[in-house]
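This is what each chain is made of:
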Amino acid sequence: MNYTLQQHGDWYEQKYYALFIAQEFLEYEKFWQTFVTPVTNRSSNPTDIHFQSNEELSSIQKTPNDLCISQLHYTILLHLIRVYDIRQIKPFLPENGRDLFTEAFARFVGAIDCADELLERFIDPTKYPPWTETEGLRARTKWRKNHGDPLKTIRNYRNKLLHGRVPPTIIISGSYDRMRFPKVGKQNQYIDWRIVTSGSIGSNGTIRKDFDSPNNIIDQTWLLILKYLRKNWSCHLLKSNQ
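Peer 1: Which residues make up the packing of aromatic side chains, and what values do they have?
Peer 2: This structure, assessed with the given rule, holds 17 aromatic pairs. Each member of the aromatic cluster is reached from another via a ring pair, and the members are Phe 101, Phe 105, Phe 108, Tyr 157 and Phe 181.

Peer 1: Mind laying out the pattern of salt bridges, listing which residues take part and the relevant values?
Peer 2: Counted according to the given criterion, the structure contains 14 salt bridges. When the shortest N-O distance is used, the salt bridge between Asp 219 and Arg 87 registers 2.8 Å. With a gap of 132 residues between them, Asp 219 in helix 11 (residues 214-237) and Arg 87 in helix 5 (residues 64-87) connect regions that are remote in the sequence. Look at Asp 219 and you get buried, because its relative accessible area is 17%. The network of salt bridges with common partners includes Asp 113, Asp 116, Glu 117, Arg 121, Arg 140 and Arg 144.

Peer 1: Tell me about the packing of helix 6 (residues 97-123) against helix 11, and please be specific about residues and values.
Peer 2: Following both chains from N to C, one finds helix 6 and helix 11 inclined at 10°, their axes separated by 11 Å at the closest point. Taken together, the axes of helix 6 and helix 11 lie roughly parallel to each other. Side by side, helix 6 and helix 11 meet where Phe 101, Ala 104, Phe 105, Phe 108, Ile 112, Ala 115, Asp 116, Leu 118, Leu 119 and Phe 122 of the first sit next to Pro 214, Ile 217, Ile 218, Thr 221, Trp 222, Ile 225, Tyr 228, Leu 229, Asn 232, Trp 233, His 236 and Leu 237 of the second. Taken together, the residues of the contact of helix 6 with helix 11 break down into 18 nonpolar, 3 polar and 1 charged.

Parameters and conventions
Residues numbered from 1 in each chain as written. Predicted model: local features only at pLDDT ≥ 70, side-chain atom pairs only at ≥ 80, totals over all residues. Heavy atoms only, no water. Phe/Tyr/Trp six-rings, centres within 6.5 Å; stacked < 30°, edge-to-face > 60°. Salt bridge = Lys/Arg side-chain N within 4 Å of Asp/Glu carboxyl O. Helix = DSSP H or I, 4+ residues; strand = E, 2+ residues; numbered from the N terminus. Buried < 20%, exposed > 50% of the residue type's maximum accessible area, 1.4 Å probe, protein only. Axes fitted to C-alpha atoms, helices over the stretch in contact; angles between N-to-C directions. Parallel < 35°, antiparallel > 145°, perpendicular 65-115°, else oblique. Contact = heavy atoms within 4.5 Å. Nonpolar A, V, L, I, M, F, W, Y, C, P; charged D, E, K, R; others polar.

These figures come from the coordinates and say nothing about function on their own.
The following block contains the structure:
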């Protein structure tokens, strides 16, 4: 049977297929069709999205590791969906903009972590027990060691937003799109808030160049992560079925 997200996905998959999956992450559906639907109950009931028992999995030469990978795959989508919704809020306003911005990067890193864990588990499916977060950490650490870590700058930025002191924000008076945050990679240059809060920001070209609107920063980060996902899904997850 030819399963599609539009007809056989859950509520989120059906809704967001048209909003961004079809245009920006079609590899999600391709992997879902090949590797996720077989471990659900859709074979007996196309609308039953729940996973099969261990005994049922064994009968089709699948294991709980396949369920683990399927759950990671779906979790990535849920993180992306939340960021997609946040991106629709334009512009961010001072009363809640910082919280939305921080959540977007927390979700970005959630998607990155799940992606790297999934990729490593997929290429070495018997090495990492499925139901332990410790093994998940070991898997994504191994993936990054063997394949590079091009999105580390995004994780570092998230760490700064959540674990460091609050980065300074520029509020532009008289502008509807008023908020400005340090760009990804520039955050540690402004640990001392006085660099931003003292003097005339308007006349300082260097500071203006290092800051951007939260919407722009999130949009640019979105493109980087979707590019990473599409590339790695095509190279490592889908090529085995071609």
